[in-house]
Amino acid sequence: MVDLYTYIVDVPDFPEPGVVFKDITPLLASPVAFLQAVDEMAEPFLASGVDIVVGIESRGFLLAGSIAERIGSGVGLVRKPGKLPRAIVSVTYDLEYGTDSLEIHEDAFHGGARVLIVDDVLATGGTLAASKDLINKAGGDVVGATMLMELKFLNGRTRFSDPLHAVLTY
Ligand code: AMP
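A short tour of the structure in this document, coming up. This one's a predicted model, so the numbers in the text were calculated from it and none came from an experiment.

## As for the overall build of the protein chain
Broken down by element type, the protein chain carries four helices and nine strands. Each helix and strand of the protein chain, placed in order from N terminus to C terminus, yields the pattern β-β-α-α-β-α-β-β-β-β-α-β-β. Taking the principal axes of its C-alpha atoms as reference, the protein chain extends roughly 40 × 40 × 30 Å. A total of 170 residues make up the protein chain; the buried ones form 47% of that total. Across the protein chain, the fraction of contacts at a sequence separation of at least 24, relative to all contacts at a separation of at least 6, is 57%. About 8400 Å² of surface is accessible on the protein chain, with carbon and sulfur atoms providing 53% of the total. On the protein chain, the mean spot of the 13 positive side-chain charges and the mean spot of the 23 negative ones are 3 Å from each other.

## Overview of the site of the ligand
The local shell around the ligand holds 13 residues, among which D119, D120, T124, G125 and T127 are the closest. Between the ligand and the protein, one listed contact pairs an oxygen atom with a side-chain N or O atom of D120 at 2.7 Å. At a separation of 2.9 Å, an oxygen atom of the ligand approaches a polar backbone atom of A123. Summarising the interface, the protein chains cover 81% of the accessible area of the ligand, which totals 480 Å² for the free molecule. Listed by contribution, the elements that provide at least two residues to the shell around the ligand are β2 (20–23), β7 (114–122) and α4 (126–137). Class assignment of the residues belonging to the shell around the ligand gives a composition of five nonpolar, four polar and four charged.

## Side note on the side chain of S131
The topology assignment puts S131 in helix α4. Sequence-distant contacts of S131, defined by excluding residues within four places in its chain, comprise I56, V78, L102 and I117.

## Structural notes on helix α3 (residues 59–71)
Residues spaced three or four apart along an α-helix point in a common direction, a consequence of the helix completing one turn every 3.6 residues. The end-to-end C-alpha separation of α3 is 19 Å, in line with the 18 Å expected for 13 residues at 1.5 Å each. Within α3, the full set of buried residues consists of G60, L63, A64, S66, I67, A68 and I71. Contacts made by the buried residues of α3 are with α1 (25–29), α2 (31–42), β3 (52–56), β4 (74–78), β7 and β8 (141–150). With its phi angle positive at about 80°, G72 sits one or two positions after the end of α3.

Calculation notes
Residues numbered from 1 in each chain as written. Predicted model: local features only at pLDDT ≥ 70, side-chain atom pairs only at ≥ 80, totals over all residues. Heavy atoms only, no water. Helix = DSSP H or I, 4+ residues; strand = E, 2+ residues; numbered from the N terminus. Buried < 20%, exposed > 50% of the residue type's maximum accessible area, 1.4 Å probe, protein only. Contact = heavy atoms within 4.5 Å. Areas by Shrake-Rupley, 256 points an atom, 1.4 Å probe, with all protein chains shown as cover. Lys, Arg positive; Asp, Glu negative; His and termini not counted. Charge placed at Lys NZ, Arg CZ, Asp CG, Glu CD. Near = heavy atom within 4 Å. Polar contact = N/O pair within 3.5 Å; in protein donor to acceptor, adjacent residues only side chain to side chain. Nonpolar A, V, L, I, M, F, W, Y, C, P; charged D, E, K, R; others polar. Expected span 1.5 Å × (residues − 1).

Okay, here's the thing in structure tokens:
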């Protein structure tokens, strides 16, 4: 076992002043740390009957495939606007300044698929809450979410009522 915290690099004032960006690329680049991270992200949901693991663009995609392989499920994509080629459903949600949208293919779930949401960082929880709304709109049933890390001081967890696992906490 390695100490996964040592593979996360804090980048102050990126992408804007006052934000400490959590750079996970050293963890992704390490075969040992990457495998340990996805094992720990998948573990609580191995017996949850997950049909599809949905990654949130874009770093969520890198984790979702490996987690799906462990769980024995398929993989789905929640994307930024304009990227998906076929009919979509979308949600718009509030940011600190302005709004943002997320999209998914309208046929991503074949009536009641059990969905696990995956992303790298839980911050304010806005992205996770919007992703759950989107998945519900498309007919999926969210069983939980697994994150590489949670920024606890932002209280994002309060915006999500299903089981939520985070490997690293700050
Ligand atoms: P939020 O909607 O505030 O929970 O933000 C979550 C999304 O923004 C995730 O997709 C993260 O990849 C990204 N994010 C938010 N804060 C950070 C941070 N401090 N470092 C890296 N990524 C972040």
